[in-house]
Structures are given as structure tokens and as C-alpha cells.
Amino acid sequence: MRRGRCAMVAACVFVAVAAAPAATLAQTVEELYASGVKARQAQHFDEAAQLLRRALALKPDNADALVQLGFAELGRNNLRAAREAFSKALAIAPEYLDASFGMAQVEFRSGNLDAALPLAEKVSRAQPENADASTLVASIHKAQQAGSSKAKPATVRKRLRPPRPDPVAGLMEKGQRLRAAGQLPEAQNAYRRALRLAPKNTDILVAMGLVAGSQQKFDEAGNFFDRALAIRPGLLDARLGKVRVAIWQVDVPRARTMIDDVLGNVPGNAEAIALDARVSLVEQDYTRAEQSFQRVLAIDPRNAEALVGIGDLRRERGDDNAARDAYRQALALEPGSPDIEQRLAAPPPRKWRFDLGSEVSVLTDGLGEWTDSLAGVAYRLTPRMTISGRTRVATRYGRTDLQIEGRIDQAFSPSVSAYALVAVTPDADFLARSSIGAGASWQILAAAKRFGPFSLNIDTRYDNFANTEITTISPWVQAYVLDGRLGLAARWVHAADDIGTRADGYVLRVDLAVTPSVNVFGGFGDAPEISDGTLVPTRTVFGGISLDVSDPLTLRSSFAHEQRPTFDLTTFGLGLTARF
């Protein structure tokens, strides 16, 4: 079945959220930080401190949030809390100038002029254009000259100009708002402007990485996260960003290794636990995924990301109604979220598929026509298992055979799957009286921007004809390039019958996604064909096109020309697939 994209409370909680201030609806660390900065700039210091402390509850080592909390506490004249926040920030990032400036203000307002001066001078030397730092240095010198080392904080504050609006924080807030609205290119532009003003600001680099990853620019996203880690090794935001990239690329082993490493350092971090749940969901370990999402909600009952994850989990399990309930709860926490609205707008997963196709082959030398008609139905029994059956009606030289086939497909993980089939032809004239087959696929390389996914595959089949038995083994490889739009496949075919006849050959195929709804393919083969129990050397040129008329309906057309030792044949085919 065609896979859809993925890509993400009780009624009393909904009522409480509807009555809450807009700023309290932020859930991620980035959102809480941006809302806290906005509140501080508006001089709503109590609200700012509350929001920033919530951000720090999720990520205690966020130096930027600690600095902003320090300035919010300065606005509340809580010098002890401000000193604690700036001290923690400097312990994480000793060269953080904003933290040094904040600590200088704390010491100045506390009357510790000798401690305040070197901190303020350090900032002023590093940022000559910083008028606030220059003013603070001058004020300290003036206080020292007047011998007012015990000057009251209230008097000092009157001499200092109020801090100017931080353009970086404003651009960060703008980028976050645009990103939440789904305007990713515009958000990227806002973050780029902020990055030009503060090229070593790790919050901006992480935000740039998340926006790039959301646009499937995975290499670019990884580069931004690596730049942030080069500035602040071990930065949790950047490490989690790299986990997200691995999840987006369906590189499950890498994602699992990285998230386990993060959880080893911060086992109680809600965002890390949520990503562990996401990795488990991709691994199809639904029990672990559910446990991790529930842990997140135990830490933060208003975590919309966890509710979206639970919705995705329920949808994977086939319970679409329960999934929509979770999405609605998440949307109540984040009204207008395009990501959640997209999930709610998606139609219920289609578990049934119907295939219908017919081919007409014209033989040279006046040998007439062959026909093949197929009708099949498939049902997705579980998210990992699909069962299907089909009938084939074939005609050769006035004779007709009816073949019935049953098949089961099983996915053991996102990268490993297998199938098995059995077919019978009652009163067979030229088709195999019975057949069994099996195959497997292993995706050894996940999708990336330039290359991937890359998979190793094998098909095997045993056919029992009226006068012979033939075994076919066909290993093949498939790779995608150009962001997954161009697929390349190479197949080796080995066939042998029960009297020792052997034949080998190959098939090459190219698939191209011209548009999201139009796909074309073509190829060449020089491999044995089985005809009436005989191995026939055959050269084939083939091609075709498929068109997704709508989400549930696909139309197909194909063409092939075969050269055989005794005649040539040209085949035309039409088909359709309907999902419901």
C-alpha cells in the first residue's frame, strides 16, 4: 500500500487553555524562550521570569535562557536571583558577554564596584559599540571617584538609561512566529538576519538547523547543528537537532544511538524523552513509544508535541478516531498549528487496495496475439502486515490458463521487510501448475539530500510445470538520487531447470518522479524468460508512466518490445490502482 506522509487532554484542560494568556501556550524551549524575551522587553518581568524558568525546567543548561532570566530578575530588583542566573550562565559559557554584563550590573547595584568594573570593562572592550556597557563603566568610575562604594541601588538605576530593544531577540521571535505558521522560507530569512548580527549565537544556529530540516535540507541542517556544537560542545539543543535530522532521514540506527547517548546525560529531559518516543515509533516499537510519550505528559501535561506523537502512534496502530482525539487536544494547546491541522485534515488511512491490469502482446511472423489480465486485492491487516490475492488470466495460441495467487508482506522494521507467495493453476496448459516464492529487502542507507535510500533485495521462485521444474534466484539493488526523485535498479537473474539447463542475465531500470503525481520508468533487460516451461533467452526494452489522478486512484500505461530466438513481440499494457 502507498504510504502517507508523516514527516506529528480532557475537556477541563481545553477550557483552561482557552482562558490562558497567549504567552503561556508556548510549549517548546524555543517558544518559551521567545515569549519570555518578549515579555521582558515589554517590562512584564514577572511573566518573563515565569516563562524563562519553564524553559529552563526543560533545558537547565540553556545559557541564553539563564541570561534572559537574570535580566528579568534585575527588572524585579531581585539581585540574588539575578546573580544566581548569571553565575550559572557563566559557568556554562565563560565568555558569554551578555552574562558578564548582567553580572556587572548585579555587582554595581549591590555596591561592589571593584567587582563590577572589570566585568563591565571586559564587555566594553569586546563591544565598543555597546553604549550600555560604556555607560555602566562611566557610572562605576564616577561612583568610585565620589567614594560612593555604598551607593544605593535605586539611585544608581536612575542614572542608567533603560536597555535598548535587542534586535536579535526580535528577529528570533519573528522567525519563531513564522515557523509556527508554516512560513519556513520567511522564517529562515529572519533567522539569517539575526545570525548576521550574532554569528556565534547558538540559539540562532539551532533554529536555522530546525528550519532547514523541516524543508528537507538535511545536509544544511546538520551543518548548522555542527556549527553550534563547535561553539558550545555538548549543547543539548544541537544534539537533539541532529537526532531530529536522523529521524527525518529514517536513519534509525543513527537516531537510536544518538538519543540513547543524550538520555544517558539528561534522562529526565522532556524533549529528549519525546524524541526517544519518535525513534521508537519509527522502529515500530509501539509499546516503548507510548511509554515515552506518557512520561513526557507526566512531566508536562500540556505538551502538545507528546499529544501529537500519541496521535501518530494511534494512527499507526490503525485507530484513526482515537488519533484524531489526540490531535484535537494538541490543537487546543497550539491553536492554528499548521502541522496539527494537516494531520486532522488527512483522510483516514486506506487499508484496501484494488489492482486491475491488462496486456496485449503482438507476435511477429503472423503468430497472433497473447493476452494477460490481472485482478488483485490487498488488505493491510496490521501496520506491519499486508495480505493480498490476485487472479491471472492468460491466453497463448488459443489456450487459456487461470492462475490464483496469495501473498503476505511483513515489515520487521523500517529497513527490513520480506514476503512469501504461493500460486496454483488448475488444469494448466502453459503456466506453472504450482509456484512458491519469497523475497526480502534491506535498506542499508537512509534517505539523504543527495543520495539514498539504498537497498539490497532478493527474489526467489520455484515453478512446477507439467514437464519440468524451474528455480529462479534474482538479487538486485536499488538506489535513489536527486532527493529521491531518480531511482536506479540493477537486477541479476539466474534460472535453472531440473535437467541442468542454466541461464543468466540482467535487468536495468530507471524510475523518475517528473512531478509529485507523474512517474515514468524505462529499462533494458537481457535475461531468460520462462515460456511454457522452457528457458528462452530474451532481450527486452520497456517503459511506462503512472499518473496519480487523485489520492486514491492511480492510472498506469506500459510498453515493451522483446526479441526472442524465434520471434519478436510488442506488448501494450494498461492498469489502475484504487485505494479505499
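Calculation rules
Residues numbered from 1 in each chain as written. Predicted model: local features only at pLDDT ≥ 70, side-chain atom pairs only at ≥ 80, totals over all residues. Heavy atoms only, no water. Salt bridge = Lys/Arg side-chain N within 4 Å of Asp/Glu carboxyl O. Buried < 20%, exposed > 50% of the residue type's maximum accessible area, 1.4 Å probe, protein only. Helix = DSSP H or I, 4+ residues; strand = E, 2+ residues; numbered from the N terminus. Contact = heavy atoms within 4.5 Å. Polar contact = N/O pair within 3.5 Å; in protein donor to acceptor, adjacent residues only side chain to side chain. pLDDT = per-residue confidence, 0-100. Pairing = 2+ DSSP bridges.

**A few points about the pattern of salt bridges**
Scanning the entire structure with this criterion turns up 39 salt bridges. Between Arg254 and Asp251 there is a salt bridge, and its shortest N-O distance comes to 2.9 Å. Taking relative accessible area as the criterion, Arg254 reaches 32% and is therefore assigned partly exposed. A salt bridge links Arg350 to Asp551; its shortest N-O distance comes to 2.3 Å. Here Arg350 is found in the loop between helix H20 (338-345) and strand E1 (352-363), whereas its partner Asp551 is found in the loop between strand E12 (534-548) and strand E13 (553-563), with 201 residues between them in sequence. According to the relative accessible area criterion, Arg350 is partly exposed, its value standing at 28%. What emerges from the salt-bridge pattern is a single network uniting Lys59, Asp237, Arg244, Glu271 and Glu305.

**Describing the environment of Asp409**
Of note, Asp409 is situated in strand E4 (residues 399-411). Taking C-alpha positions, Asp409 is 72 Å from Phe108, a pair spaced 301 residues apart along the chain. In this structure, Asp409 is in contact with Arg384, Met385, Thr386, Ala418 and Tyr419, ignoring residues within four places of it in sequence. A distance of 3.0 Å separates a polar atom in the side chain of Asp409 from a polar atom in the side chain of Arg407.

**What to know about the confidence of the model for the chain**
Within the chain, residue pLDDT values average 86, and 91% of them lie at 70 or more. Across residues 1-26, where pLDDT falls below 50, the model places 44 contacts with residues more than four positions away in sequence or in other chains. Scored below 50 in pLDDT, residues 154-163 shows 13 contacts in the model against residues more than four places distant or in partner chains.

**A few points about the pairing of E4**
Bridge count between strand E3 (residues 385-396) and E4: twelve bridges; the pairing is antiparallel. Across the sheet, residue Val393 finds its bridge partner in E4, namely Leu402. Two elements, E4 and strand E5 (residues 416-424), share eight bridges in a ladder whose sense is antiparallel. Counterpart to Arg407 in the pairing with E5 is Leu421.

**Details of the environment of Pro347**
Its location among the elements puts Pro347 in the loop between H20 and E1. Here Pro347 falls in the partly exposed class, since its relative accessible area comes to 43%. Through-space distance from the C-alpha of Pro347 to that of Asp320 is 9.2 Å; in sequence the pair is 27 residues apart. If sequence neighbours within four positions are ignored, Pro347 has contacts with Arg324 and Asp551.

**Points about the environment of Trp492**
Along the chain, Trp492 turns up in strand E9 (residues 486-497). On the basis of relative accessible area, Trp492 is assigned to the partly exposed category, the value being 42%. Along the sequence, Trp492 and Ser474 sit 18 residues apart, while their C-alpha atoms lie 5.5 Å from each other.

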